[in-house]
Structures are given as C-alpha cells and as structure tokens.
Amino acid sequence: MAEHESLEFGKADFVLLDSVSLEEFMANLKLRFEKGRIYTYIGEVVVSVNPYRAMNIYGRDTIEQYKGRELYERPPHLFAIADAAYKAMKRRNKDTCIVISGESGAGKTEASKYIMQYIAAITNPGQRAEVERVKNMLLKSNCVLEAFGNAKTNRNDNSSRFGKYMDINFDFKGDPIGGHINNYLLEKSRVIFQQEGERRGSESLLRSLHVSKDPTAYSYIKVGGQVKSSINDGADFKAVADAMKVIGFTPDEIQTVYKVLATILHLGNLTFGVDGDTTLIENSKVVAVIGVLLATKEENVEKALLYRTVATGRDVIDKQHTTQEASYGRDALAKAMYERMFCWIVGRINDVIEVKNYDAKVHGKNTVIGVLDIYGFEIFQNNSFEQFCINYCNEKLQQLFIQLVLRQEQEEYQREGIPWKHIDYFNNQIIVDLVELQHKGIFSVLDEACMNVGKVTDEVFLQGLNSKLAKHAHYTSRKLSPTDKSLEFDRDFRIRHYAGDYCMAPLFAIKSLCSNPVLKMMWPEGKLSITEVTKRPLTAATLFKNSMIALVENLACKEPYYVRCIKPNDVKSPLLFEHERCRHQVEYLGLLENVRVRRAGFANRQDYPRFLQRYKMISEFTWPNHDLPSDKEAVKRLVQGCGFEHDVAYGKTKVFVRTPRTLFCLEEQRDEMVGRIVLFLQKVWRGTIARMRYRRMRAALIILRAYQHYKVKSYIKDVNRKFKNVRSMKDHGKHVKWPTPPKVLRKFEEALRSIYNRWWAWTLIKDLTPEEKLQIRAKVATLEALKGQRPDLGLQRTWEGNYLVSWIDSPDTASSFTLVSCELQRKDKFMRVLFSCNVRKINRFHKAEDRAVLITDRHLYKMDPLKQYKPMKSIPLYNVTGVSVSPGKDQLVVFHTKDSRDLVVCLQGMVPAGDSRIGELVGTLLSHFKSEKRKLQVNIASPIQCSMNGRKCTVIVEPKINQSQPDFTKSRSGYILAVPGN
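Since this is a predicted model, take the numbers as computed values, not measurements.

J.: Please clarify how the overall build of the protein should be interpreted in this entry.
T.: Counting secondary structure elements, the protein contains 28 helices and 31 strands. The 982 residues of the protein split such that 50% are buried. Sequence-distant contacts, at least 24 apart, represent 64% of the contacts inside the protein between residues at least 6 apart.

Right, dumping it as structure tokens:
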C-alpha cells in the first residue's frame, strides 16, 4: 500500500476505492490530477497522467527518498517502480522489465527517460570510470534515437514513431555494464507525408548538401503546413550532434547521415514525365545533386528510379516503370533509405553499448532490466499500414498485460494457500487473433493478396478480408454493413476497439549504387547476386508480426513492472481534464479490469513482518515487541483485537485484507497511536536530552569550579611569593609586578591592590609629624584636583604655607607681619594659618595694586604690605564657595564668594622666582575643607568667569614678551592678566 496520503488528494491506490466502478475510478483520477498528483498505483502498476508542465519531483532529493524503499512506503512515483525492478534484479537475481504503454502524447518517452535517469543515479556508488562511461552512453543514445525516430504530431510534440526495447545489462554488483536496443517498425510513411498541421523538418544542413533553409521548397515536408513548435530545433540539433560524437560516430559517418537526409529531401522533388513510350525524369539537375550526395553516377540514379530489375531463371530483365510506378518507387526508395539509415544508427549504438568480454564464470551472472517504450495507440482520418501495425502492437501488449497480471495473482494465491476464484475480464485475445491468426488473420490475408499473380490492389485485399472475416464479431466493412456510411465501398474496413483505413505502399529495395562505405554498410545485400536480391522477401506485415511475437516471448520470461500512461486532453493544457478522452483510455488500457483483478479476492496483501512493523502499535500484544511463537500468530492476535478477523485471510507468508475499509480503519487507528507514540517519544527524548544537558552542565560546573579554585590558589600563591619580603624592600614592593589575576578575582585584585596601596602609604606616613601629615594630605588633595590639568603643582618641594612669616619672601617685614598675625589670632580666635603670600590684586576702582593674603582656618584676610601689613578686609572662610585657576604656569587665583564679590589675585614675590604655589594653595584649602566636611569647588579654566561687586566679568591670561612682572589691566569684558612671555 502506498504511503497514507491525505484524502484531499484522493486514493493513492485505485485498489482502495470504496467501490470498483468506472465513475469512481474517473473521479479519483481527476481529483489527483487537479491536486498535482500525477501518479497513482493499481497494486504494483503505476498509472501516470501527463501533467503538461514541468514538475519538481525528479531531483536528487526525490531520488534519495525512493532509493531502497518499498512501493507502499512512499507516495506513488515512477522512481518507486524503477527501484522495485532494480531490487528484484539485484536481490533475487531475476531479469526484469518495465513496460510503458499508452497512446501518443501520454508521456511514455518522458517516463522512460526518468526511469533511465533513476537507474543511472542509484548505481555505481564506487564511481568506476567504465561504469560511468556506460551510463553516459545509455543516456546519450536516447537523444540520438529520439532525433531520428520521433516526430511532432498533432497530438504530441515528441511522438515516438518507432518501438524501442532497451536491455540494460548489470554485473553481479548491480552496476550497468552495457545494453542492447531493439527497434520495431519505424513509421516510414511520415518521411514522405504528414497529417495536416503536423510539424516536419530536418537538421540544419550545410551548403555542401545543396539544401535550402526554406522547408516549403521540398515536397516531402511542406504538406504539414506548420514549421513552428515549442521545440527548440537549434538547441536540439546541437545536442544530437554532440551526443553522436560522444557515442562514437565518426565525422564521416555523421556527414553521411546528413547526406542521406538531404538525398531524401531531393528525392521528393523529382517529377516524372513521358516522351512517347519512355518515362523520363523532368528535373535532371536534382538527379545530379543526388548522384553527388550518394557518390554515384547520374545514370545509376536514373536507372534505379526508372527501371526495376527482374531475374527469371538465368535471365535478368530491366523493365521500365510507368510514371505512376516511378513515383511510387521514388517514395518507397525515400522511406527505405530512411529506415536503413535508422537501423544502421541503432546498430552503431549497439556496437558501442553492448557488453564485451564478459565471462559469467569469472564475473558472475549477467542480469537484465528491460525498458519497453513503444509507440502509442492512435487513430487518424487516413491511417497508414504502419499505424495499423502500431495499434496491433498495443493490442498484443494489452493481452500480455492482462495475462501476466492474472498469472501473478493466481500464482501468489497458490503460493500462499488462498483459494482462487475465477475473474471475469475482457479478453482481447480475439482481437489479436483477428490480426495474426494463421490463414484467417488480416496479416495472412494481406500476404496472400501480395502473392497473387497479376495486379495487386486494395480491392483484392478487401475482398479477401470480407470473404474470410465476414462472420467475425469485431470486423466490418461497407459491404458487410451497407447502412454504415462512414465506410467507403471497396476501400475501408473497421476493427472494433480501434477504427481506421489502411494504406499499403510497395516496398522498394535498393542495390548498392554508391561508393560511400557507410552507405554500403546500410545496404549489405549490394554484395549479393541479382538473383538472390530479387527473391520474394517476407512481407512487412509478417516481419512485424514475428518481431511482436518475439518481443512478447522476451517480456513473458521476465518479471514485469508496468507504467500505464494517460493523456488528459488534446490541447496540451496542464489544467484541463477531458472526461470522455480519459475514459476511453482507461477502458482501452484495461485499468478497471486490472483493479478488479487485484480486488477480486483481497484488496491488499503484505508480508507478516512488514504488516507488524506498520500496525504493531495498535495492539498491546504486539507493542513494542511480541512474545508469540511467530509473526503470523502476532498478526492474528492484532487483527482479532481490532475485530477484523472476518475480513482477512492468512497465507503462508502474507496477510490478505479483503476490503479497503478495513485497511483504512487500521490506518486511522495507526495514525491515532502514532500521534501518542510521538508525544511519548518526544517526552522521553526531551527528558533524556534534559538529563544529558544537566549532567553535562553539572560536570562542566564541577570542572569550572575546580579550575577556578586552582587558578585562585595559584594566583594567591603567586602574590604571596612575590610580596613575601616587601617589608624589607627599600620601596616596600613598589617595583614588584603584580601577577595577572583570573577573571573571577579581578575585583579581589582591585581590593588587594587598594589594601597594599593603603599599607604602602601607611608605611610612608607612619613616622611623620602631624604637620608633615597635614602637608601630605594637602598634596594628595592637589593631585586629585589638578593632576594633568596644570604643568607644575610643586609636589617635589616642602610646602611652607605661611610664607610671609618664614623669612623667605619678605625678610625685612616678617616681624611686622608676625605682630599683626598674632593680634588677629587673639582677636578672631583662629587655630592655625593655612597660607600666606604677597599678591597683585584689582581694587574696586579697577586698578592693580600690591597686597598680601592671609588664610587661616576661619578667615581670608587682605593686607597692605606697605602699611605694616595692616588688615584691610576679611572674608569668612565659610563664605568662600570655590576657587578658579588657569591651566597655565601663571599664578592667577580667583576666590569665589557667596555674595558675588570675588577676589581676583595673582601670587607674586616667590623665592625662588620660578616657584608655583597654586598647587599648594588649592591643596591646603581642599584638605582643610575636607576636614570640616565642607565642599570646595575647584575650577580649571581659561578664561575664568567671576563676579566683581555683583557684575559678571572675565579674566584672561595673556603672555607678553616685554612684560617683566604679572599685572592686571582693564578690558571690555573684564580684566587681562599680562604675564612675562618666553
């Protein structure tokens, strides 16, 4: 059974229809076609409907889906049949064949291509060069044979006009090692005549062939009236030429093929006239061209066309043709040349692909897969003799199909011990006998008519048919059915099943007229004596009948697989499904009989192990594995548990299911259980995955922790080793390089560095006096506030702080300052002096003047050094909100106050003169404010914004070359501090 597809696509196997009727069959076929499902099974037969569009179902991915799978494991497909035939050949060492049948345009040739493509794709896994060569030759041969053996008809763009049976030989490993092609009855009538509307045309010919590119210039190919089609002739011609080269045709052989084709075109243009009693060729220039193309003399061509040679005993007589006989002979010659050329091409291909030097004792048994792609059943208004033979061939194959299917069914029932019931079906053996029966069949009557003495006409042949077949139920003519006006008197006969007029042309044999070696191979009888050549040969009908009998015998000894092709409409539409058109094909192909044969007893049968594998989840006795004595007993228990024991039979190796309903019930129960099983498996698998993930994570965590512990211990040991003796080092370990910590200890390292730095600082300051500690704190404050923003912070020298009392800046006035300072201390109760220095400042009249500043822990005093440092103004220290300094080397300081009366000064009088005291002033104030838990804002900017008596102004520092001392001047926006330039 095919893989259980959704019912929206119809039944994947016609055997599973609820009832076997033509209406149900057609409805299912139409539904699947409309849903894009072009393949459907009838048991092990594939029914294929031509989609008339490209479908993406033949790629490498699809090939892999069907490789090695059973038929019912995947949806219906050509690849499934090809794989089944290949497995039977490889596993059971059986010769198999795939019979592809159906009317013209149903897709038989494409089906054979896809089958060949699949077999080529799944073989030769070892990529052996010789096997690849053979596969390439087999595939290329299709291209060449199609070019010369196919035609565009009104019903098909690429209709096979010959029968082809290809045997592919395989070695014991299942790899292709060669092949052989048999061709049957090339339809030669299309060489000289096509139905109206049919395409005709030849390959692009060179000027050397004396051929015009205008197809209407040639009688044989202008009849069809159409030169355009969907086929790309230019691309196809190149592909054929390349394929011929790959196969091994020499340039001379290819050129000869072109010459034969050109000769046939020129033959069609020959016309005959009469001069008295003599028949003449009217256009002698064409004869000259033919002579050149065939490498022979003009008189040889004329003689072959105007005379026929008859041997009577020892005498040889040349008898002249009438104009009508010459025309018939010309057409017969054209058809014979094309047929000989085609047969020679097939023979050349066989020479290349046939198995060589193969010894079964050494290499193992040589097995075969045969692929039969034979012309389709067709009816035309004017049916040729070849078309009659084609339809006879289809009848013959239909008979074989029914016989083999019935035989397979009966043999399987007998093997399994199931009672066999007789099956009624239409047996078309009566039609086959009507054509081929000895002494009574149509072929026999035709042979007798051809052997009559005197003139042989269609009327003579029809009289013989009417005489011998008058009582046959499937034969009729106008004489036998006078009221049937669709038949003409003395011209037409009809065979039930397919109707059509026949037309026979005389067969003209050609001697070897030319010196071309390839042409001589096409006509080997040219080497024989004239008496042997003129002996009466077997008729075309007899030859074809014998070849069909041999073909059927060949197929009958192989294990057959079938592809039955159906043409959905006559307009090549991918959307149109013509019901009557398809119904006729279904009836003719006997598909309904095939379903009835499969359904007569049991709709489905499967091996016990495979049945269990598919349905064992339905029963508790078989899931997940059974403990019963055999698979057969397990299947019985399963079926009994479902209540279907009345609808099945048990064979020796298979279980037989009678009705499709039972199978669908099993499938429904299976689908339900599969859903539960999938959920259960998902749960178990997800749990397994989670546990595996947990174990991996836990193991990783343990490893990570152990590694982290190791890294931590290593780091701590390394730190301990490096800093073990820092107490005895001169710099207390400042030069020691810290080891790189692991990521987990980076914060720890920061803390450790902080601890070390604090310890290192403590070791430095532990022996300092309180005054030295205050100085250190001030320097640290300066570093934090001004580092990187001013060039000289004065950190390398000792900070005196109270410079006016230290005899450094003003040794002459130090005593006066000391007295004033003591008086202020007594008066304002300050504890210590933070800073004192001479300054240059701006007064309220915008004038610069010398002053001194004294900063204590409570006030900032302005003093006049010229008046014994008389205090002029004091500013409470809590009223100071910030200080601003410039980023340069100048000594500008702005004290910002809450009442917007900022003090702008420039430190001066430093000894030595280059010292900078800005860093000391800022650090001392910051340290003091920090000790009192107050905030002092320090700004480094240029220019400096300030407020003078409530008015906003700007102080800019400008260096001047001729400036000896810093000094202030008034500007529009505020003040300019001019400092000495470089």
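J.: Help me out: how do you make sense of the packing of aromatic side chains in this one?
T.: Here the distance between the centres and the angle between the planes together describe a pair of aromatic rings. By the definition in use, this model includes 15 aromatic pairs. An angle of 70 degrees between the planes, with centres 6.0 Å apart, marks the rings of Y803 and F835 as edge-to-face. Here Y803 is found in the loop between α26 (770–786) and α27 (814–828), whereas its partner F835 is found in strand β20 (residues 833–842), with 32 residues between them in sequence. For the pair Y803 and F835, a shared accessibility class is recorded, and that class is buried. Ring centres of F817 and Y869 lie 5.4 Å apart, and the angle between their planes is 75 degrees; on these two criteria the pair is classed as edge-to-face. One end of the pair, F817, is in helix α27; the other, Y869, is in the loop between β22 (859–864) and β23 (870–876), and 52 residues separate them in sequence. Judged by its relative accessible area of 0%, F817 is buried. Among the residues examined, Y869 registers a relative accessible area of 2% and is labelled buried. Within the aromatic cluster, the residues linked to one another by ring pairs are Y58, Y66, F79, Y114 and Y118.

J.: Where do I start with unusual backbone geometry in this structure?
T.: For residues besides glycine, phi is generally negative; the peptide bonds are generally trans as well. Along the chain, V911 connects to P912 via a cis peptide bond; the corresponding omega equals 0 degrees. Residue placement: P912 occurs in the loop between β26 (903–907) and α28 (918–931). The backbone of K572 shows a phi angle near 60 degrees, a positive value even though the residue is not glycine. Tracing the backbone through its elements, the reader meets K572 in the loop between β16 (559–566) and α20 (579–588). With phi around 60 degrees, Q868 is a residue other than glycine that occupies positive phi space. Looking at the secondary structure, you find Q868 in the loop between β22 and β23.

J.: For this particular structure, what's the right way to read the pairing of strand β31 (residues 974–980)?
T.: The side chains of a regular strand alternate between both faces of the sheet. Burial within β31 is extensive, with six of its seven residues counted as buried. With seven bridges connecting them, strand β29 (residues 951–960) and β31 associate as parallel partners. Among the inter-strand pairings, V957 is bridged to a residue of β31, identified as L977. Looking at chain direction, strand β30 (residues 967–970) and β31 are connected through four bridges and run antiparallel. Paired with D967 across the strands is A978, a residue of β31. The turn linking β30 back onto β31 is made up of three residues.

J.: I tried to follow the nonpolar core on my own but got confused; where do I start?
T.: If you look at soluble globular proteins, the nonpolar side chains tend to sit buried side by side. Of all hydrophobic cores here, the largest spans 82 residues; its most connected members are I115, F148, I345 and I349. Excluding residues within four positions of it along the chain, F148 makes contact with L186, V240, M244, V257, L261, Y338, M341, F342 and I345. Membership of the second largest hydrophobic core comes to 62 residues, among which are F25, V45, Y165 and I566.

J.: Just to check I follow, could you spell out the pattern of salt bridges for this structure?
T.: Two side chains with opposite charge may pair up if their charged atoms get near one another. A complete count under the given rule lists 24 salt bridges for this structure. With a closest N to O distance of 2.9 Å, E849 and R851 form a salt bridge. E849 sits in the buried class, given a relative accessible area of 18%. The exposure class of R851 is buried, given its relative accessible area of 11%.

J.: What is the right way to read the sheet that holds strand β17 (residues 604–607) from this model?
T.: Backbone hydrogen bonds hold the strands of a sheet together, and the pairing may be parallel or antiparallel. If you trace the three strands from one edge of the open sheet to the other, you get β17-β19-β18, paired in antiparallel fashion. Unpaired on one side and paired on the other, β17 and β18 (648–650) mark the two borders of the sheet. Averaged over all neighbouring strand pairs, the angle between strand axes comes to 20 degrees, with direction disregarded. Along the sheet, helix α22 (residues 608–615) makes contact with β17, β18 and β19 (654–657), crossing β17 at roughly 100 degrees. Sheet strands touched by helix α23 (residues 631–642): β18 and β19. Its angle to β18, the strand with the most contacts, is close to 165 degrees.

J.: Could you clarify how one ought to interpret the environment of D647 in this entry?
T.: As for its position among the elements, D647 is in the loop between α23 and β18. By relative accessible area, which is 7% here, D647 ends up buried. The spatial distance from the C-alpha of D647 to the C-alpha of R658 is 5.5 Å, given a sequence separation of eleven residues. Once residues within four sequence positions are removed from consideration, D647 is found in contact with F656, V657, R658, T659 and T662.

J.: Any chance you could explain α28 here in plain terms?
T.: Relative to the 20 Å expected for 14 residues at 1.5 Å per residue, α28 spans 20 Å between its end C-alpha atoms, a close match to the ideal helical length. Of all 14 residues making up α28, twelve are buried, and the element is well covered by its neighbours. Three or more residues of α28 are buried, namely I918, G919, E920, L921, V922, G923, T924, L925, L926, S927, H928 and F929. The first or second residue beyond α28 is K933, which carries a positive phi of 60 degrees.

J.: Sorry if this is basic, but what is going on with the sheet that holds β30 here?
T.: Spatially, four strands are ordered β28-β29-β31-β30 in an open sheet, and the strand pairing comes out mixed. The strands lining the two open edges of the sheet, one partner per strand, are β28 (944–948) and β30. Along the sheet, successive strands turn relative to each other by an average axial angle of 35 degrees, direction set aside.

Parameters at a glance
- Residues numbered from 1 in each chain as written.
- Predicted model: local features only at pLDDT ≥ 70, side-chain atom pairs only at ≥ 80, totals over all residues.
- Heavy atoms only, no water.
- Helix = DSSP H or I, 4+ residues; strand = E, 2+ residues; numbered from the N terminus.
- Buried < 20%, exposed > 50% of the residue type's maximum accessible area, 1.4 Å probe, protein only.
- Contact = heavy atoms within 4.5 Å.
- Phe/Tyr/Trp six-rings, centres within 6.5 Å; stacked < 30°, edge-to-face > 60°.
- Pairing = 2+ DSSP bridges.
- Core = buried A, V, L, I, M, F, W, Y, C linked by side-chain atoms within 4.5 Å.
- Salt bridge = Lys/Arg side-chain N within 4 Å of Asp/Glu carboxyl O.
- Axes fitted to C-alpha atoms, helices over the stretch in contact; angles between N-to-C directions.
- Expected span 1.5 Å × (residues − 1).

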